[in-house]
Amino acid sequence: MRKVSKKWLIGGTILAILLFAIFQVGKTEGANKTKTIKIVALGDSLTYGVGDPSKTGYIGVVRQNIQKQTGRNVIVNNFGISGQRSDQLLRQLDNGVVIKALKQAEYVFVFIGTNDFRHAAGWNFRQLPQQPLLLGKEKLRNNLSKTLAVIRENNSFAQVYVLGLYNPYFGEEYDTKAPESIRSWNEAIIEASKESTLTKYISTYELYENIEKDMYFADTLHPNRRGYYKMGNWVYNQWKP
């Protein structure tokens, strides 16, 4: 009788341990499903969503996809400002509200450089001035490196995604050297991205090659709702763990 009781005692103990473990796993999974994912988006009008009637832009599409996949609530702090250059973004990081959001973010998306390129070109896209573009590219690289350093100083765990530039300057009215120039600027963005830990470069250059511009663009520069949807899905697929 003692042996039987001992077996029952051992069996009961093991069962209790298993039930406790299952309960804890279920509890953890439940907590993960209810935990809010926080995203910070930094950049210019392309981050803000100019051209999209809903003004959610590509990051809104990314948010919807992540929320659908994970079943968790996703909050996006979109700090995109129309016309913003990389030096202005760097100054924006002095803002306490932005820093607070960065400290809490699980993911950070950075899309900057379009206005640097346009400013360096003097808005002359019919005949691109090569020397000013070289100087502008170096400024972008330095500013982006500093921006990523500030992000990492304030958040050591967030995954950072840096988007490269696409080329909206195609057609008879634009300089044929535009594709080459954009690719050169993207190389500078890649170099800056490699200097930062937990940072991934996402190319957008392929998105609008060989397309009918009227179908995907609201104007000469900004995508329309369909264009942002295309970009958002592309970025989401690069994000996907």
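Everything numeric in this text was worked out from a predicted model, so none of it was measured. Every chain begins its residue count from 1, and numbering advances along the sequence as written. For a predicted model such as this one, the threshold for reporting local features is a pLDDT of at least 70, and the threshold for listing and counting side-chain atom pairs is 80 or more; totals across whole chains, interfaces and linings nevertheless cover every residue. Side-chain measures here rest on the full set of heavy atoms in the structure, leaving out hydrogens and waters.

## Structural notes on the overall build of the protein
Each helix is a run of H or I in the DSSP string that is no shorter than four residues. Each strand is a run of E no shorter than two, and both are numbered from the N terminus. Across its full length, the protein carries 10 helices and five strands. Taking as baseline every contact in the protein between residues at least 6 positions apart, the subset at least 24 positions apart corresponds to 77%. The Shrake-Rupley method, run with a 1.4 Å probe, gives the accessible areas here. Residue values count only the displayed protein chains as cover. Only carbon and sulfur atoms are counted for the fraction: they give 56% of the accessible area of the protein, which is about 13,100 Å². Throughout, a contact is declared for two residues whenever any of their heavy atoms are within 4.5 Å.

## Here's the deal with helix 10 (residues 225–239)
To estimate the expected span of a helix, count its residues, drop one, and scale the result by 1.5 Å. Here helix 10 is 15 residues long and its end C-alpha atoms lie 21 Å apart, about the 21 Å a rise of 1.5 Å per residue gives. Three exposure classes are used, based on accessible area relative to the maximum for each residue type with a 1.4 Å probe and protein chains only: buried under 20%, partly exposed in between, and exposed over 50%. Among the residues of helix 10, Gly-227, Tyr-228, Met-231, Gly-232, Val-235, Tyr-236 and Trp-239 are the ones counted as buried. Viewed along the axis of helix 10, the buried residues span an arc of 160 degrees, placing them on a single side of the element. Buried positions along helix 10 lie against helix 2 (45–48), helix 3 (57–70), strand 3 (107–111), strand 4 (159–163), strand 5 (199–202) and helix 9 (213–216). Polar contact is the term for a pair of N or O atoms within 3.5 Å; when the atoms are in protein, one must be able to donate a hydrogen and the other to accept it, and sequence-neighboring residues count only if both atoms are side-chain atoms. Capping the start of helix 10, Asn-224 holds a side-chain oxygen 3.0 Å from the backbone nitrogen of Arg-226, two or three residues further along. As used here, the arc belongs to the directions running from the helix axis to the C-beta atoms.

## Re the confidence of the model for the protein
Confidence scores here are pLDDT values: one per residue, from the predictor, ranging 0 to 100. Averaged over every residue, the pLDDT of the protein is 90; the share at 70 or more is 85%. Here residues 14–32 is modelled with pLDDT under 50, and outside its nearest four sequence neighbours on either side it reaches one contact, counting other chains as well.

## A short note on the nonpolar core
As used in this record, nonpolar core signifies buried Ala, Val, Leu, Ile, Met, Phe, Trp, Tyr and Cys residues forming a set joined through side-chain atoms within 4.5 Å. One finds Leu-42, Tyr-58, Val-108, Phe-109 and Val-110 to be the most contacted residues of the largest nonpolar core, which totals 63 residues. With six residues, the top contributor of residues to this core is helix 7 (residues 130–154). When sequence neighbours within four positions are dropped, the list of residues in contact with Val-110 reads Leu-42, Leu-89, Leu-144, Ile-151, Val-160, Tyr-161, Val-162 and Leu-163.

## Observations concerning the environment of Gln-88
Considering the arrangement of structural elements, one finds Gln-88 in helix 4 (residues 86–92). Along the sequence, Gln-88 and Asn-143 sit 55 residues apart, while their C-alpha atoms lie 9.2 Å from each other.

## Observations concerning the packing of aromatic side chains
In this description, an aromatic ring pair is defined by two values, namely the gap between the centres and the angle between the planes. Stacked, edge-to-face and tilted labels apply to pairs of Phe, Tyr and Trp rings (six-membered ring for Trp) whose centres lie within 6.5 Å, assigned for plane angles under 30 degrees, over 60, and everything in between, in that order. Scanning the entire structure with this criterion turns up 12 aromatic pairs. The interplanar angle of 20 degrees and the centroid separation of 4.6 Å between the aromatic rings of Phe-125 and Tyr-169 together place this pair among those described as stacked. Residue Phe-125 is located in the loop between helix 6 (114–120) and helix 7, and its partner Tyr-169 is located in the loop between strand 4 and helix 8 (178–194); the two are separated by 44 residues in the primary sequence. Classification of Phe-125 as buried rests on a relative accessible area of 11%. Using a relative accessible area of 4% as the deciding quantity, one classes Tyr-169 as buried. Between Tyr-208 and Phe-217 the ring centres are 5.0 Å apart and the planes differ by 70 degrees, which places this aromatic pair in the edge-to-face class.

## Focus on unusual backbone geometry
Trans is the common state for peptide bonds, and a negative phi is the common state for residues other than glycine. Positive phi, normally seen in glycine, also occurs at Trp-123, with a value near 60 degrees. Turning to its location among the elements, Trp-123 is positioned in the loop between helix 6 and helix 7. Look at Trp-123 and you get exposed, because its relative accessible area is 53%. Positive phi, normally seen in glycine, also occurs at Leu-198, with a value near 50 degrees.

## Section: the packing of helix 7 against helix 8
For helices, the fitted axis covers only the stretch in contact; all axes are lines through C-alpha atoms, and the angles between them, taken along N-to-C directions, range from 0 to 180 degrees. At a closest axis distance of 9 Å, the pairing of helix 7 and helix 8 adopts a crossing angle of 25 degrees. When the interaxial angle is binned, helix 7 and helix 8 end up roughly parallel. As helix 7 runs across helix 8, the sense of the crossing is right-handed. For the pair formed by helix 7 and helix 8, the contact residues are Gln-130, Leu-133, Gly-136, Lys-137, Leu-140, Arg-141, Leu-144, Ser-145 and Leu-148 on the first element and Ser-181, Ser-184, Trp-185, Ala-188, Ile-189, Glu-191, Ala-192 and Ser-193 on the second. Its residues placed into classes, the contact of helix 7 with helix 8 shows eight nonpolar, six polar and three charged. These descriptions rest on fixed angle ranges, namely under 35 degrees for roughly parallel, over 145 for roughly antiparallel, 65 to 115 for roughly perpendicular, and the rest for oblique. Here a crossing is taken to be left-handed if its near helix is turned anticlockwise relative to the far helix by less than a right angle, and right-handed if that turn runs clockwise. Each residue is assigned to one class: nonpolar for Ala, Val, Leu, Ile, Met, Phe, Trp, Tyr, Cys and Pro, charged for Asp, Glu, Lys and Arg, and polar for all the others, Gly among them.

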